[in-house]
Amino acid sequence: MQWFLDNLKAFFETISGWVWGPVMLVLLVGTGILLTVMLKGLQFTMLGYALKQAFVPSKKHEDGEDHEGDISHFAALMTALSATIGTGNIAGVATAVVTGGPGAVFWMWMTAVFGMATKYGEGVLAVKYRVTNSKGEMSGGPMYYIENGLGKNWKWMALAFALFGTFASFGIGSSVQSNSVAQAVQTSFGVEPVYTGITLTVLTAIVVLGGIKGIAKAASFIVPAMAVFYVVGGISIIVINSDALVPAVKLIFSDAFSAQAVAGGAIGTVIRYGVARGVFSNEAGMGSAPIAAAAAKTDHPVRQALVSMTGTFLDTIVVCSITGIILVMGLLGAGGEFVKPELSGAALTTVTFQKMLPGIGGWIVTIGLIFFAYSTILGWCYYGEKCAVYVFGEKFAGLYRVGYVSSVMLGTVLSLDLVWLASDTFNGLMALPNLIALLLMIKVIVNETRDFKQKVKDGALPH
C-alpha cells in the first residue's frame, strides 16, 4: 500500500509541476489583467456597487418569481463562498507561507486583485449561457458557456472541463476539507481522525440530499456567521500583537521581490505557491464559482456577475490576508527574519493563533476551520454533481453523491501531501479550458457589461 501511495505522490508531483508551470501562471494572471484592462478596472470602480447588490438589495429588483433562477443573489454568493472560504484560507495559506515563504502572501493578493475581473467574466457567461434541466432547475458554468457560446465544435473542451471538475470535487471539495478538519480537531481535542470522518460524512449526507436549495440554505446561515467570527477573532489577534504588524508586512513585500530570492531562483517558487494557493482559495479562473452563479435569480447576467466578483474580494483580500499576516507575525525571528517552522497546514495555523492569543487563538482556527470546511464540502458537492451530470447524464447524480460522501471519510485518513498535490493538479486542469473560453469570449463579456450599464442609465433596469 505504501509503495502505491509513494508512486501516486510522485506521479502527481510531476503532473502538478507541469500544470502549474509558467504557461499556467501567465494564463491565470494574464487573463485577469486583460479583463481588467478591457473592463476599465471594473473591479475597482464598481466594487462598492457590487457589495451593495450582494448585501443590500434594492426593493426595486428584489429576487422575485419573474426572474429566472433557483436561488437569490445572496444565496448564490453564499453557496459560492461556502465552496471558496474553506481550508484554503487556513491550511492553504499556511502551506503557501511554509513552502514559498512570506512573499507568497503578496502573490495571493495579486491573484485576487486580477482574479476579481476573472470571476466577474465567469459570472457573466454563466448566467448568459445557462440552461434549464429536466427538473426545471438551472444548470450553468464553463461546460455550458463553452458549448453554447463557442459552438458544438468546442464541446470536447466543455467535456474536459466537466471531467476535471468531477475529479477535482473529490479533492478540493471533500478530501482536502475533511483532512484538514481531522488534523485540527486532533490537534485541539485529541480526537482520532476516523471519528471526525464519520461525523462529517453523516452531516454531509443529510444536507446534500436536499440539492441546491438545501445547500444554499445551509450556506446562507453558516458562511456569514463563521466569516464574521473568524475575521473579528483574527483582527483581535493582530491588534493585540500590533508591534509585529509593520515588520511582518514589510517582510511580505520584501520577500516577494528580494534580490536573494531572484538570485537563488526561488522567486518562481514564491510566485507559484502564492498563485496556486490563491486560486485554491478564491477559485478565480477555475470555473467552479460560475456553476453557483448560474443558479441565481437575476434580471441581467452582469448583476449576478458583480455579486460573484465580491466573493474573491471577501475570500482572499479579507479572510486570507488575516491568516497570512498573523502567520508571518508569529514566525518572525528576534531580528525580524522569517523562521521556517516544522509544522504546516492547519496545524501550523492553529499553533500560531494559539501562540499569539493563548487560550483562545487555537479555538478560533479550529471552530472556523470546521465550519468553513463543512460548508465547502456542501458547495463542492453541487459543483461536482453538475459537472458529473454534464458528462454522464442525470441518472449518474445519485451515484455521484454516494461517491462524494464516501470521499469525505476517505480524506480524513489520507496523506496530507498527497491530497494537496492531487487537488493542485486537478485545479490547474480545470482552469485551462475555462481560461481559454474566457479569452475567446472576452467581447461577449465586454458587450454584456456595456448593455447593462446602458439599460441602467436609460431606466430599463433598476439601479
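Cut-offs and rules
Residues numbered from 1 in each chain as written. Predicted model: local features only at pLDDT ≥ 70, side-chain atom pairs only at ≥ 80, totals over all residues. Heavy atoms only, no water. Phe/Tyr/Trp six-rings, centres within 6.5 Å; stacked < 30°, edge-to-face > 60°. Buried < 20%, exposed > 50% of the residue type's maximum accessible area, 1.4 Å probe, protein only. Helix = DSSP H or I, 4+ residues; strand = E, 2+ residues; numbered from the N terminus. Lys NZ or Arg CZ within 6 Å of the ring centre and 35° of its normal. pLDDT = per-residue confidence, 0-100. Contact = heavy atoms within 4.5 Å. Expected span 1.5 Å × (residues − 1). Arc of directions from axis to C-beta. Axes fitted to C-alpha atoms, helices over the stretch in contact; angles between N-to-C directions. Parallel < 35°, antiparallel > 145°, perpendicular 65-115°, else oblique. Nonpolar A, V, L, I, M, F, W, Y, C, P; charged D, E, K, R; others polar. 1 Å grid on protein atoms, 1.4 Å probe; cavity = no way out; pocket = protein on both sides within 12 Å on 5 of 7 lines; lining within 4 Å. Points joined across faces, edges and corners; volume = space filled by probe spheres on them. Salt bridge = Lys/Arg side-chain N within 4 Å of Asp/Glu carboxyl O. Core = buried A, V, L, I, M, F, W, Y, C linked by side-chain atoms within 4.5 Å. Polar contact = N/O pair within 3.5 Å; in protein donor to acceptor, adjacent residues only side chain to side chain. Left-handed = near helix turned anticlockwise from the far one by under 90°.

Looking at an unreviewed UniProt entry, the protein chain carries the name AGCS family alanine/glycine:sodium (Na+) symporter, with the source organism given as Neisseria macacae ATCC 33926.

> What is the right way to read the packing of aromatic side chains from this model?
Within a pair of aromatic rings, the relevant descriptors are the distance that separates the centres and the angle that separates the planes. Using the criterion set out here, one finds 18 aromatic pairs in the structure. Judged by centre distance (5.1 Å) and plane angle (85°), the rings of Phe106 and Trp107 are edge-to-face. Each member of the pair Phe106 and Trp107 is classed as buried. Aromatic side chains Phe170 and Tyr404 sit 6.2 Å apart centroid to centroid with 45° between the ring planes, which places their arrangement in the tilted category. A residue pair is termed long-range when its members are at least 10 positions apart, and Phe170 in helix H9 (residues 155–189) and Tyr404 in helix H19 (residues 397–411) qualify at 234 residues. Residue classification places Phe170 among the partly exposed residues on the basis of a relative accessible area of 24%. One aromatic cluster is present, built from ring pairs that chain together Phe106, Trp107, Trp109, Phe253 and Phe257. The ring of Tyr129 has Lys128 sitting right over it, with the charged end atom 5.7 Å from the ring centre.

> When you look at the confidence of the model for the protein chain in this model, what are you seeing that I'm missing?
Any region with low pLDDT has predicted coordinates that should not be read closely. Averaged over every residue, the pLDDT of the protein chain is 84; the share at 70 or more is 91%. Put simply, helix H13 (residues 259–264) is where the protein chain has its lowest mean pLDDT, 48, and helix H8 (residues 142–150) is where it has its highest, 96. This stretch, residues 60–65, has a pLDDT under 50; its non-local contacts, to residues over four places away or in other chains, come to 14 contacts.

> Can you help me understand the side chain of Ser169 in this one?
Of note, Ser169 is situated in helix H9. Contact partners of Ser169, with chain neighbours within four places excluded, come to Ser174, Trp380, Gly384, Tyr400 and Tyr404.

> Got a minute to help me understand helix H12 (residues 245–257) in this structure?
Structural remark: α-helix, 3.6 residues per turn; residues separated by three or four positions point the same way. In this model, H12 (13 residues) spans 19 Å end to end at C-alpha, consistent with the 18 Å of a helix rising 1.5 Å per residue. Those residues of H12 that sit buried are Ala248, Leu251, Ile252, Asp255 and Ala256. All buried residues of H12 lie within an arc of 125° about the axis, which places them on one face of the element.

> Looking at this structure, I do not really get the packing of helix H7 (residues 103–128) against H12. What am I missing?
Helix-helix packing is characterised by the crossing angle of the two axes and by the distance between the axes. At a minimum axis distance of 6 Å, the contact between H7 and H12 shows a crossing angle of 85°. Judged on the interaxial angle alone, H12 and H7 are roughly perpendicular. Contacts between H7 and H12 involve Gly103, Val105, Phe106, Trp107 and Trp109 from the former and Ile252, Phe253, Asp255, Ala256 and Phe257 from the latter. Grouping the amino acids of the contact of H7 with H12 by side-chain chemistry returns eight nonpolar, one polar and one charged.

> Would you take a moment to explain empty space enclosed by the protein for this structure?
Rolled over the atoms, a probe as big as a water molecule pinpoints where empty space is left. Scanning the entire structure with this criterion turns up two cavities of 30 Å³ or more. Here the largest cavity is characterised by a volume of approximately 80 Å³. Taken together, Leu28, Val29, Gly32, Met110, Thr111, Phe114, Gly115, Thr118, Val275, Val279, Ala284 and Gly285 make up the lining of the largest cavity. When contributions to the lining of the largest cavity are tallied by element, the ones reaching two or more residues are helix H2 (22–38), H7 and helix H14 (267–282). The element best represented in the lining of the largest cavity is H7, accounting for five residues. A class-by-class count of the residues in the lining of the largest cavity yields seven nonpolar, five polar and no charged.

> I'm lost on unusual backbone geometry in this one. Help?
Of note, the phi angle at Lys40 is positive, near 55°, even though the residue is not glycine. Residue classification places Lys40 among the exposed residues on the basis of a relative accessible area of 71%.

> What am I meant to see in the pattern of salt bridges here?
Oppositely charged side chains can form a pair if their charged atoms are brought close together. Within this structure, the stated rule accounts for five salt bridges. The residue Asp299 makes a salt bridge to Arg303 at a minimum N-O spacing of 2.8 Å. Judged by relative accessible area, which is 24%, Asp299 ranks as partly exposed. Here Lys455 makes a salt bridge to Asp451, at a shortest N to O gap of 3.3 Å. Of this pair, Lys455 and Asp451 both sit in helix H21 (residues 442–458), four residues apart, which is roughly one turn of the helix.

> Just to check I follow, could you spell out the environment of Phe229 for this structure?
Checked against the element boundaries, Phe229 lands in helix H11 (residues 211–240). Phe229 gets classed as partly exposed once you look at its relative accessible area, which sits at 33%. Spatially, the C-alpha atom of Phe229 lies 25 Å from that of Ile206, the residues being 23 residues apart in sequence. Sequence-distant contacts of Phe229, defined by excluding residues within four places in its chain, comprise Ile364, Ile367 and Gly368.

> Explain the nonpolar core to me, please; I cannot follow it from the model alone.
As a rule of thumb, soluble globular proteins bury nonpolar side chains together. Ranked by internal contacts, the top residues of the largest apolar core, which has 141 residues, are Tyr120, Met143, Tyr145 and Leu306. Tallying contributions element by element places helix H18 (residues 361–392) first for this core, with 15 residues. Among residues more than four places away in sequence, those in contact with Leu306 are Leu42, Met46, Tyr49, Ala50, Tyr120 and Phe452.

> How should I be thinking about H19 in this particular structure?
Taking 1.5 Å of rise per residue, 15 residues should cover 21 Å, and H19 covers 21 Å from first to last C-alpha, within 8% of that figure. Taken together, the buried positions of H19 are occupied by Ala397, Tyr400, Arg401, Tyr404, Val405, Ser407, Val408 and Gly411. Taken end-on, H19 shows its buried residues confined to a sector of 150°, consistent with a single buried face. Facing away from the buried side of H19, by more than 90 degrees, are the exposed residues Leu399 and Val402.

> What should I look at first to understand the side chain of His300 in this one?
Mapped onto the secondary structure, His300 falls in the loop between helix H15 (289–293) and helix H16 (301–330). Side chain to side chain, His300 and Asp451 meet in a polar contact 2.8 Å long. If sequence neighbours within four positions are ignored, His300 has contacts with Glu448, Asp451, Phe452 and Leu461.

> Explain the packing of H9 against helix H17 (residues 345–356) to me, please; I cannot follow it from the model alone.
Running from amino to carboxyl end, H9 crosses H17 at an angle of 40°, the nearest separation of the two axes being 8 Å. Taken together, the axes of H9 and H17 are oblique relative to one another. The hand of the H9/H17 crossing is right-handed. Of the residues in H17, those in contact with Ser180, Gln183, Ala184, Thr187 and Ser188 of H9 are Gly345, Ala346, Ala347 and Thr350. Here the contact of H9 with H17 is built from residues that sort into three nonpolar, six polar and no charged.

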